[in-house]
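# Commentary on secondary and tertiary structure
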Amino acid sequence: MTIKAHEKLLLTGAAGGLGKALRERLKANCSVLRLSDVQPFGEAAVGEEVVLADLADATAVNEMVKGVDAIIHLGGVSVEGPFGPILRANILGAYNLYEAARKHGVKRVVFASSNHVTGFYRQDQTITADHPPRPDGFYGLSKAFGEDLARLYFDRYGIETACVRIGSSFPEPRDRRMLATWLSYDDLHRLITACLTTPVLGHSIIFGMSDNAVTWWDNSRARHIGYVPKDSSDVFRDAVYARTPQPDLKDPVVQYQGGGFVVAGPFGH
């Protein structure tokens with residue numbers, strides 16, 4: 001049973017893949033779900049509010065945050081690419097969001113970080129949240145900035161944040177790498193619910209993964225969250241192996257946890 005711990009939640013990035021997956025699920029967590037994205041994505045349903053906002057626009061973000069009790073921040077650029085758009089949406093946008101949270105007294109944020117914060121660790125390593133960031137590109141770099149920004153706003157202003165380093169959240173794993181990184185939509189919702197309802201969140205870094213047998217991430221530092229995944233990539237393993245070739249162990253995409261992100265770019269003009 002989901003605990004309805006908040007009157008009004010804000011979900012940014014509501015038009016994206018994960019936003020769409022969470023839209024119905026998160027209604028169990030609140031009385032009103034405010035949905036936001038930069039582009040129009042339809043009308044509000046019962047129990048919803050829709051607010052359009054560019055994350056780089058401080059005034060728009062301030063209005064977006066006004067009156068909410070907690071924030072699930074998925075908005076921004078979600079793939080590797082040129083620095084300019086990532087700077088605006090992910091770095092300036094995250095700053096604007098935390099400033100708005102500070103001004104409006106919002107004390108809890110679930111920040112969609114990424115496994116690409118640590119993408120240059122090898123696939124034969126198991127890391128904890130205490131390992132230093134090793135971002136695999138501009139996108140991972142922006143999420144490392146977001147984690148540090150969240151820590152600053154916790155230390156100075158008491159805004160608690162769960163920095164969820166999302167692995168690969170899709171209906172099912174698409175390739176062999178995702179057998180280690182997969183996070184089901186239902187487990188993503190369970191994780192967000194745990195972050196919203198745990199008594200003391202603090203500034204926590206949590207790996208967003210299901211209960212996969214093969215994993216590169218040790219989530220023991222996040223026991224205080226109370227997240228218990230119920231899904232696993234293991235049921236897809238045989239099918240994934242059957243449809244994918246044997247990996248080339250000399251390929252950086254296979255060597256490093258970030259996969260294809262470690263070789264993306266450089267991005268010219």
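Residues numbered from 1 in each chain as written. Predicted model: local features only at pLDDT ≥ 70, side-chain atom pairs only at ≥ 80, totals over all residues. Heavy atoms only, no water.

A separate point is the packing of aromatic side chains. For the coordinates displayed, the defined rule picks out 8 aromatic pairs. Three or more aromatic residues link up through ring pairs in this structure, and these residues are Tyr98, Tyr153 and Tyr157. A cation sits over an aromatic face here: Arg102 above Tyr157, 5.6 Å from the ring centre. (Phe/Tyr/Trp six-rings, centres within 6.5 Å; stacked < 30°, edge-to-face > 60°. Lys NZ or Arg CZ within 6 Å of the ring centre and 35° of its normal.)

With that settled, consider the pattern of salt bridges. Any two side chains of opposite charge can pair, given that their charged atoms come close. According to the stated counting rule, one finds 15 salt bridges in the structure shown. Arg165 is paired through a salt bridge with Glu147; the nearest N and O atoms lie 2.8 Å apart. Here Arg165, found in strand β6 (residues 160-166), pairs with Glu147, found in helix α4 (residues 138-157); they are 18 residues apart in sequence, far enough to count as distant. A salt bridge links Asp187 to Arg190, with the shortest nitrogen-to-oxygen separation between them at 2.5 Å. Of this pair, Asp187 and Arg190 both sit in helix α6 (residues 185-197), 3 residues apart, which is roughly one turn of that helix. It is possible to trace a salt-bridge network through shared partners that takes in Arg23, Glu24, Lys27 and Glu48. (Salt bridge = Lys/Arg side-chain N within 4 Å of Asp/Glu carboxyl O. Helix = DSSP H or I, 4+ residues; strand = E, 2+ residues; numbered from the N terminus.)

Looking now at the nonpolar core. Residues Val61, Met64, Val65, Ile71, Leu97 and Tyr98 are the most contacted members of the largest nonpolar core, which totals 31 residues. The set of elements that each furnish at least two residues to this core consists of α2 (58-65), α3 (83-104), β5 (108-114), α4 and β7 (203-208). Ranked by the residues each element gives to this core, the list is headed by α3, at 5 residues. What Val61 contacts, discounting residues up to four positions off in sequence, is Asp54, Leu55, Asn96, Leu97 and Ala100. (Core = buried A, V, L, I, M, F, W, Y, C linked by side-chain atoms within 4.5 Å. Buried < 20%, exposed > 50% of the residue type's maximum accessible area, 1.4 Å probe, protein only. Contact = heavy atoms within 4.5 Å.)

What follows deals with a nonpolar patch on the surface. A contiguous nonpolar patch, built from Phe83, Leu87, Phe138, Leu141 and Phe267 and spanning about 390 Å² of accessible area, is present on the exposed surface. Of all elements in the fold, only α3 and α4 reach the threshold of two or more residues within the nonpolar patch. When you line up the elements, Phe267 lands in the segment after α8 (252-255). (Patch = residues over 30% accessible without salt bridge, like charges linked within 9 Å, V, L, I, M, F, W, Y side chains within 5 Å. Areas by Shrake-Rupley, 256 points an atom, 1.4 Å probe, with all protein chains shown as cover.)

On to the environment of Trp182. For Trp182, the position within the fold is in the loop between α5 (178-181) and α6. What makes Trp182 buried here is its relative accessible area of 3%. The spatial distance from the C-alpha of Trp182 to the C-alpha of Asp37 is 25 Å, given a sequence separation of 145 residues. Dropping the residues within four chain positions of it, Trp182 is found in contact with Ser168, Phe170, Pro171, Glu172, Pro173, Met209, Ser210, Asn212, Asp231, Ser232, Ser233 and Phe236.

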